[in-house]
Amino acid sequence: MSDIILPVPTPERPEILAPAGDAQCFTAALAAGADAVYLGLKHFSARMQAENFGLTDLSRLTDLAHEEQARVYVAMNVLVKPQETAAAYRLLHRLARQVRPDGIIVQDLAMLDLARQAGFEGEINLSTLANITHPQGLQTARDLGASRVILPRELSIDEIRAMGEACPEGLDLECFVHGALCYCVSGRCYWSSYMGGKSGLRGRCVQPCRRVYRQGGAAAAALAKQAGQQAREQGRNGHDGGRDTRRPRPQRGNPGKGRDGRFFSCLDLSLDVLAKTLLHIPHLVSWKIEGRKKGPHYVYHVVTAYRMLRDNPGDPQARKDAEAILGMALGRPGSRARFLPHKDNLVPTDPSGQTSSGLLAGKINVTPEGQVLLKPHFELLPQDYLRVGVEDERWHATLPVTRRTPKAGTLMLRLPKHKTPRAGTPVFLIDRREPELMQILREWQARLDRMPT
């Protein structure tokens, strides 16, 4: 491990733990003041679609983080097949010798013993995919040698508090405060394996929950009844008047008739101002932000917002500023999910919506010659990143902006002919490359370049 003594997170001042899918996101997290960064390698990571890291680059990034008094956690959070044990051991051994991160995140319980055999001396944290939901499971985790348990996103504040009160000495807890939700129970989803032949527990989820399904007959009537009941309860409890406009109202169905919808596609978790209720829970030392497939804009803004919320829990202006910053982060619409137990009948989905991340930039116009044009609702900058449509449409694509385009100007999108979208297809801004942030990242890259290899 590094000789630098890093500050120890506490329930009174939990670490802000940021995601990083590439080096720019890593430095964006440090620039925003993250206390810790988590990331994956090229193998054994539950986010294999992210760019991820090689050991040589990660070694320099870890040294840079330690200079900033920030910790680094490496996610090796997949199920390991029996024939992969030797490869996992070799990677752990190289990680311990060459990178010396502060901790690793694992799902497979065999990895705890394997990591120690390989000489890893840092923390071993059990992933949310390990699905430890019962207070007695915490003692078992401690007995197995875990340093920390990452709580599932399905837990309410009362359940999180109960876990904290039952947590044995010598074990820490971590929980999610922001980012994508999974419709299925953490660590128990085989949907991707069944529908797409790729396992979500191996880091290759094809996200079947994001797709359109058809519902009909009695099921549609039941959903309509549930939506109506939720709407009536909101009205009785007086929630509509102060409702966050980012959180869509429940959608009413049409009883007896089928309809299409993204019934399983969740909104993003966004605890924002409610995160202060996590302060002082025993053993809860880390607030985690999901998003290893997001860009540096998202990482920088979300880390900044939650650092403000943690450090100024009683300041109304800080809360207002943090909410505004989160509104700029280009995520999906926000949801409290099951965090508030008296609202656990409200499912975090919007079947009639597209539930896509990003800010709506405009809609496609296709000329008779087949040119795909966009007149954006706001200025687009070079290297901004756009999403055309959503994942389950045949023309879905992501692409960078090649030139500055003013509001209501015309941007030609160059897409393969087989991906020509239908006129009216929405286009979302999913990563922003504003000059101020890019200058910050260039300065951090220069620091990284000066680090010894």
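K.L.:
Can you walk me through the nonpolar core in this structure?
P.N.:
Soluble globular proteins tend to bury their nonpolar side chains together. Core analysis: the biggest nonpolar cluster contains 99 residues, and Leu278 and Tyr306 have the highest contact counts within it. No other element matches the 8 residues that helix 9 (residues 296-311) contributes to this core. With residues up to four places along the chain from it excluded, the contact list for Leu278 reads Ile157, Ile160, Cys175, Val177, Leu271, Leu284, Trp287 and Phe339. By size, the runner-up hydrophobic cluster in this structure holds 17 residues, among which are Leu386, Leu411, Leu413 and Leu415.

K.L.:
Help me understand the environment of Pro101, please; the structure alone is not making it clear to me.
P.N.:
Counting through the fold element by element, Pro101 comes out in the loop between helix 3 (85-99) and strand 4 (103-106). For Pro101, a relative accessible area of 0% gives the class buried. Here the alpha-carbon distance between Pro101 and Arg71, two residues 30 residues apart in the chain, equals 7.5 Å.

K.L.:
How do you make sense of the sheet that holds strand 15 (residues 385-388) when you look at a structure like this?
P.N.:
Picture the strands of a sheet paired through backbone hydrogen bonds; they go either parallel or antiparallel. In spatial order, the strands read 16-15-18-13-14-17; together these 6 strands make up an open sheet with antiparallel pairing. Because the sheet does not close on itself, it has two edges, and the strands there are strand 16 (397-400) and strand 17 (411-413). If you compare each strand with its neighbour and ignore which way they point, the axes differ by 35° on average. Two strands pair when backbone bridges link them, and strand 14 (residues 372-374) and strand 17 are joined in this way by 3 bridges, in the antiparallel orientation. Its bridge partner lying in strand 17, Leu374 is registered against Leu411.

K.L.:
What is the right way to read the state of the cysteines from this model?
P.N.:
Between two cysteines, a covalent bond joining their sulfur atoms is known as a disulfide. Across all of its chains, the model carries 0 disulfides by this definition. Of all cysteine sulfurs, the one in Cys189 lies closest to Cys182, which takes part in no disulfide; the gap is 5.0 Å. Distance from the sulfur of Cys184, which forms no disulfide, to the nearest cysteine sulfur (Cys189) is 3.5 Å.

K.L.:
Is there a simple way to think about the confidence of the model for the protein chain in this case?
P.N.:
Segments scoring low in pLDDT should not have their predicted coordinates read at a detailed level. Per-residue confidence for the protein chain averages 87 on the pLDDT scale, and 88% of its residues sit at or above 70. Predicted confidence is poor over residues 234-256, with pLDDT under 50, and the contacts of this stretch with residues over four places away or in other chains come to 42 contacts.

The rules behind these values
- Residues numbered from 1 in each chain as written.
- Predicted model: local features only at pLDDT ≥ 70, side-chain atom pairs only at ≥ 80, totals over all residues.
- Heavy atoms only, no water.
- Core = buried A, V, L, I, M, F, W, Y, C linked by side-chain atoms within 4.5 Å.
- Buried < 20%, exposed > 50% of the residue type's maximum accessible area, 1.4 Å probe, protein only.
- Helix = DSSP H or I, 4+ residues; strand = E, 2+ residues; numbered from the N terminus.
- Contact = heavy atoms within 4.5 Å.
- Pairing = 2+ DSSP bridges.
- Axes fitted to C-alpha atoms, helices over the stretch in contact; angles between N-to-C directions.
- Disulfide = S-S within 2.5 Å.
- pLDDT = per-residue confidence, 0-100.

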